[in-house]
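Single-letter residue listing:
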Amino acid sequence: MNVPPSTPVVLALDFGGTKTALTVADQHGARLHDLTVETAAEHGARAGLERAMSAARSLLDGREPVAVGVSTIGIPGDDGVALAPNIPGWEELALGHELALEFPESELRLATDVKAAARYECDAGALKGCDPGLYVNLGTGLAVAIVAGGTVMTGRHGASGEIGYNLRRVADVGRGSGDRIPLEGVVSGKALSRAARANGSTELTEHIGEFIGEFIDELAFHLVNLAIAVDPQRIAVGGGMVRSWAALHAPLRTALDAAVPYPPQLVPAAHPYDAPLLGALALAVEAARTGT
């Protein structure tokens, strides 16, 4: 879309474990230009950030954004991004500081990707009007977000919903994360891809039935317990694995109906693949509007 160079724009970025998605939009959130680049985690955090900044500058085409909204794996803080092991060095990268240097005239907002996605699904997607609601991200990693009273719960340290660290068995009690296999180690896109490669397949979404086995059973176990604890009206599932919704839905539905006193609705997210980017865009639009 061609727009006058004088048109104020905002920039949104979603840093994921396998790709970074970007969009430039006007101040009202109408998307003008989109781009996706590979994260290439094997080259480290700095290379991934530089690749994203190069893509951003290409999309901006000489403009300086009024605001920049960012969603990222992990929990962004002043000195780094906590709980982000999927990109080597990402935890040590002061992402907010780096982006502030790149865009010194822009209002900047950062959020955890799953929480940004949940906020968007609550405002305009599958969780709109649901209280409480539960957003489950099945992507490279595993996490959830709880929506109550129209607000995404963050927790004391911003780590609410990081169920990828869950214990998997009684024998795990008292063991540190380095002495056990956390839930994300077996229930995530990364874990399933690893299982597929071990069996000589590279087309995970095409042959998910060959590897799904214990994956769904363990996911269902934790999802049922979470639904019992939260009593959500609806569970919305997003992330790349929603492409295999036909394989996921029936066993998860059966597990919820069998064990949860008040079984919630179970649906794919309205925007299963780009809700984190849309959440980042909403942050940028809000920042451009308020300037605070």
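Please refer to the structure higher up on the page.
Residues numbered from 1 in each chain as written. Predicted model: local features only at pLDDT ≥ 70, side-chain atom pairs only at ≥ 80, totals over all residues. Heavy atoms only, no water.

With that out of the way, let us pick up the overall build of the chain. Per the secondary structure count, the chain includes 7 helices and 12 strands. Whereas a compact globule of 292 residues would reach a radius of gyration of roughly 19 Å, the chain reaches 19 Å, a difference of no more than 12%. Of all 292 residues assigned to the chain, the portion counted as buried reaches 53%. If you take every contact in the chain between residues at least 6 apart in sequence, the share linking residues at least 24 apart comes to 64%. As presented, the chain carries roughly 13400 Å² of accessible surface, and 52% of it is formed by carbon and sulfur atoms. (Helix = DSSP H or I, 4+ residues; strand = E, 2+ residues; numbered from the N terminus. Rg over C-alpha atoms; globule rule 2.2 N^0.38 Å. Buried < 20%, exposed > 50% of the residue type's maximum accessible area, 1.4 Å probe, protein only. Contact = heavy atoms within 4.5 Å. Areas by Shrake-Rupley, 256 points an atom, 1.4 Å probe, with all protein chains shown as cover.)

A word on the side chain of D26. Here D26 is to be found in strand β2 (residues 19–26). In this structure D26 is buried but unpaired, with R31 as the nearest side chain of opposite charge at 10 Å. When neighbours within four sequence positions are excluded, D26 is seen to be in contact with P8, V9, V10 and L32. (Lys, Arg positive; Asp, Glu negative; His and termini not counted. Salt bridge = Lys/Arg side-chain N within 4 Å of Asp/Glu carboxyl O.)

Turning our attention to the sheet that holds strand β11 (residues 234–238). Hydrogen bonds between backbone atoms are what pair the strands of a sheet, whose relative direction is either parallel or antiparallel. Strands sit in the order β10-β9-β8-β11-β12 across an open sheet of 5 strands; the sheet is mixed. Only two strands of the sheet have a single partner each, and these edge strands are β10 (151–152) and β12 (265–268). As paired strands, strand β8 (residues 133–138) and β11 are joined by 5 bridges and run parallel to one another. When the bridges of β11 are listed, G133 appears paired with R234. Contacts from helix α3 (residues 113–124) reach β8, β9 (142–148) and β10 within the one sheet, and its direction differs from that of β9 by about 40 degrees. (Pairing = 2+ DSSP bridges. Axes fitted to C-alpha atoms, helices over the stretch in contact; angles between N-to-C directions.)

In this model, D131 is joined to P132 through a cis peptide bond whose omega is -5 degrees. Note on placement: P132 falls in the loop between α3 and β8. Phi at L83 takes a positive value of approximately 55 degrees, unusual for a residue other than glycine. The residue L83 is located in the loop between β6 (81–82) and α2 (95–102) in this model. If you check the backbone angles, D231 has positive phi at about 55 degrees while not being a glycine. Take D231: it is sitting in the loop between α5 (213–230) and β11. Its relative accessible area of 42% is what places D231 among the partly exposed residues.

Our focus in this paragraph is the packing of α3 against helix α7 (residues 275–290). At their nearest, the axes of α3 and α7 sit 7 Å apart, and the two run at 80 degrees to each other. Regarding the angle of α3 to α7, the classification is roughly perpendicular. Along its contact with α3, which presents D113, A116, A117, R119, Y120 and E121, the element α7 presents A275, P276, L278, G279, A280, L283 and E286. For the contact of α3 with α7, the residue count by class is 8 nonpolar, 1 polar and 4 charged. (Parallel < 35°, antiparallel > 145°, perpendicular 65-115°, else oblique. Nonpolar A, V, L, I, M, F, W, Y, C, P; charged D, E, K, R; others polar.)

Turning our eyes to something else, we now look at helix α4 (residues 189–198). Within the span of α4, buried status applies to G189, A191, L192 and A196. Seen along its axis, α4 keeps its buried residues to an arc of 165 degrees; they face one direction. α4 presents R197 and A198 as exposed residues on the side facing more than 90 degrees away from its buried surface. As for α4, its buried residues are in contact with α5. (Arc of directions from axis to C-beta.)

Now for the sheet that holds strand β7 (residues 107–112). In spatial order, the strands read β3-β2-β1-β4-β7; together these 5 strands make up an open sheet with mixed pairing. Two strands lie at the open edges of the sheet, namely β3 (31–38) and β7, each paired on one side alone. Here the strands of the sheet are splayed against their neighbours by 15 degrees on average, with no regard to which way each runs. As paired elements, strand β1 (residues 9–15) and β2 share 7 bridges and run antiparallel to each other. Residue pairing across strands places L13 opposite L22, the latter belonging to β2.

A few words now on the nonpolar core. If you look at the biggest cluster of nonpolar residues, it comprises 31 residues, and the most contacted ones within it are F215 and I235. Counting only elements with at least two residues in this core, the list comes to β8, β9, α5, β11 and α6 (245–259). Looking at which element gives the most residues to this core, the answer is α5, with 9 residues. Not counting the four nearest positions on each side in its chain, I235 is found in contact with L134, V136, L223, A227, L256, P264, Q265, L266 and V267. Counting residues in each nonpolar core, the second largest holds 28 residues, with L22, M53, L95 and F103 among its members. (Core = buried A, V, L, I, M, F, W, Y, C linked by side-chain atoms within 4.5 Å.)

A grouping of L167, V170 and V173 is seen on the molecular surface, where their side chains present a nonpolar patch of about 300 Å² in accessible area. Looking at where V170 falls in the secondary structure, it is placed in the loop between β10 and α4. On the basis of relative accessible area, V170 is assigned to the exposed category, the value being 73%. (Patch = residues over 30% accessible without salt bridge, like charges linked within 9 Å, V, L, I, M, F, W, Y side chains within 5 Å.)

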